[in-house]
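# Report on the structure
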Amino acid sequence: MSQREVQLESITAEALAALEQAKDAAAVEAVRVLYLGRQGKLTEQFSAMKDPGLASEEKGKLGKQLNAAKQRLEEALAARRTNLSGSAPAKSSGIDATLPGYPPSIGRSHPISQVIDRILNNFRAQGFSVVQGPEIEVERNNFDALNIPPDHPSREGFDTFYMADHGKRTGYLLRSHTSPVQIRFMDTHKPPLRIVVPGRVYRPDAVDATHCFQFHQVEGLAVCPGLTFGDLKGTLIAWARGMFGEKARLRFRPHYFPFTEPSAEADLSCIFCDGKGCRVCGQKGWLEILGCGMVHPEVFKAVNYLPGTTGFAFGMGVERIAMLLHGIEDIRYFYENDARFLEQFPGGIR
Ligand code: DAH
């Protein structure tokens, strides 16, 4: 049995048991609301049907199971109601002990955390370890050691938050990407290595539907003798299939990043139209999802690795992937802490 089936079984069993205990019409109704109400535990299971990673035959199977569970519970509710309608109402003592209590509200991890977990799990499956670094960085890690020249536009005050003390720069900044953790890790570890790095990053962008001054990235780095661009592609394709389903394809377009050479941007075949062209992909059939490349020799030099060292790196924006996965059109929903939005992501209790 799949994890979903087990969960469905246990919810159904729990509901039937609760129904056994229900001693009057109000209690039966409370059971109905708890499981079949608008935010009922069984009702919530139906949201799994929207998972784009679900193959259509799996979807059909899941739909049948969900409907069967719902029908079974509805019949049991009706039977219990008929059964109780004969018995006299409980005598009042001033306190109605039969009133349903408030169902406890169960916390869950944020949709961004859920997507980060999914991204990381799909890299863990390929032997990557998860590593983290600080959000306050020094210029050497965020820029210099990554071969980003002193006059690069990303260093400008309007692209990076610098920390100042009475108007004077302190040398500290809020990291503008997760790439400095590559440097931190290589400073303290020898190859071979394979890491992924989730974390928050900061850029002084005006807030709109697709931008925020703070967002999340996942960085990746693998260093090992003989690694090629082919290894990079294979790793990312295997990851994309785990993440978005077996039909996922990636397309690599040449690009420029100072810290990789050659560099590429990878596009994912649109998960909504399978690459045929739709509104989400702007009729292109492809969605841009990450940057990657072979680590630049200057970067290895900065961390005192031997000449000739080989490795690949990649970096992706989590919000963008979360928006694609769930069809969310405005990044601001993630940060408003509105329970009506957050409750729509019932998966993933950390
Ligand atoms: N640091 C880049 C950014 O924030 C993303 C990136 C691109 C990371 C290519 C990489 C890479 O490691 O190889 O836009």
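Above this text sits the structure in question.
This section reports on the structure supplied with the text. Predicted model only: the values in this text are computed from it and were never measured.

So, about the packing of aromatic side chains. One pass over the full model with this rule turns up 12 aromatic pairs. Summarising the aromatic geometry, the rings of F229 and F252 are spaced 6.1 Å apart at their centres and angled 80° between planes, so their arrangement reads as edge-to-face. A residue pair is termed long-range when its members are at least 10 positions apart, and F229 in helix α8 (residues 229-244) and F252 in strand β7 (residues 250-257) qualify at 23 residues. Given a relative accessible area of 22%, F229 falls into the partly exposed group. Taken together, F123, F128, W239, F244 and F314 form an aromatic cluster joined through their ring pairs. The lysine or arginine in question, R169, covers the ring of Y162, its NZ or CZ lying 3.6 Å from the ring centre.

The next subject is the pattern of salt bridges. For the structure on display, the rule yields 15 salt bridges. For the salt bridge of R184 with E137, the shortest nitrogen-to-oxygen distance reads 2.5 Å. On the criterion of sequence distance, the pair formed by R184 in helix α7 (residues 180-188) and E137 in strand β2 (residues 136-138) is long-range, its members being 47 residues apart. On the accessibility criterion, R184 (31% relative accessible area) is partly exposed. Classification of E137 by relative accessible area gives buried; the value is 0%. Within this structure, R251, R253, E265 and D267 form a network of salt bridges that share partners.

All right, on to helix α4 (residues 56-85) then. Taking 1.5 Å per residue, 30 residues should reach 44 Å; α4 reaches 43 Å between its end C-alpha atoms and fits that length. All of the buried residues in α4 are L62, G63, L66, A69, L73, L77, R80 and L84. The elements touched by buried residues of α4 are α1 (3-21), α2 (25-36) and α3 (41-45).

This part takes up the nonpolar core. Judged by nonpolar contacts, the single largest core of 49 residues is most densely connected at I119, W239, F244 and F314. Beyond its immediate sequence surroundings of up to four residues, F244 is in contact with P52, G53, W239, L268, I271, I289, I321 and L325.

Looking at the ligand, there are 15 residues lining it, with H177, S179, R203, Q217 and E219 nearest. Between the ligand and S179, the relevant distance is 3.0 Å, taken from a nitrogen atom to a side-chain nitrogen or oxygen of the residue. Coverage of the ligand by the protein chains reaches 88% of its 360 Å² of free accessible surface. Those elements that place two or more of their residues in the shell around the ligand are β6 (214-223), β9 (286-295) and β10 (311-317). For the shell around the ligand, a count of residues per class yields five nonpolar, eight polar and two charged.

Rules used throughout
- Residues numbered from 1 in each chain as written.
- Predicted model: local features only at pLDDT ≥ 70, side-chain atom pairs only at ≥ 80, totals over all residues.
- Heavy atoms only, no water.
- Phe/Tyr/Trp six-rings, centres within 6.5 Å; stacked < 30°, edge-to-face > 60°.
- Helix = DSSP H or I, 4+ residues; strand = E, 2+ residues; numbered from the N terminus.
- Buried < 20%, exposed > 50% of the residue type's maximum accessible area, 1.4 Å probe, protein only.
- Lys NZ or Arg CZ within 6 Å of the ring centre and 35° of its normal.
- Salt bridge = Lys/Arg side-chain N within 4 Å of Asp/Glu carboxyl O.
- Expected span 1.5 Å × (residues − 1).
- Contact = heavy atoms within 4.5 Å.
- Core = buried A, V, L, I, M, F, W, Y, C linked by side-chain atoms within 4.5 Å.
- Near = heavy atom within 4 Å.
- Polar contact = N/O pair within 3.5 Å; in protein donor to acceptor, adjacent residues only side chain to side chain.
- Areas by Shrake-Rupley, 256 points an atom, 1.4 Å probe, with all protein chains shown as cover.
- Nonpolar A, V, L, I, M, F, W, Y, C, P; charged D, E, K, R; others polar.

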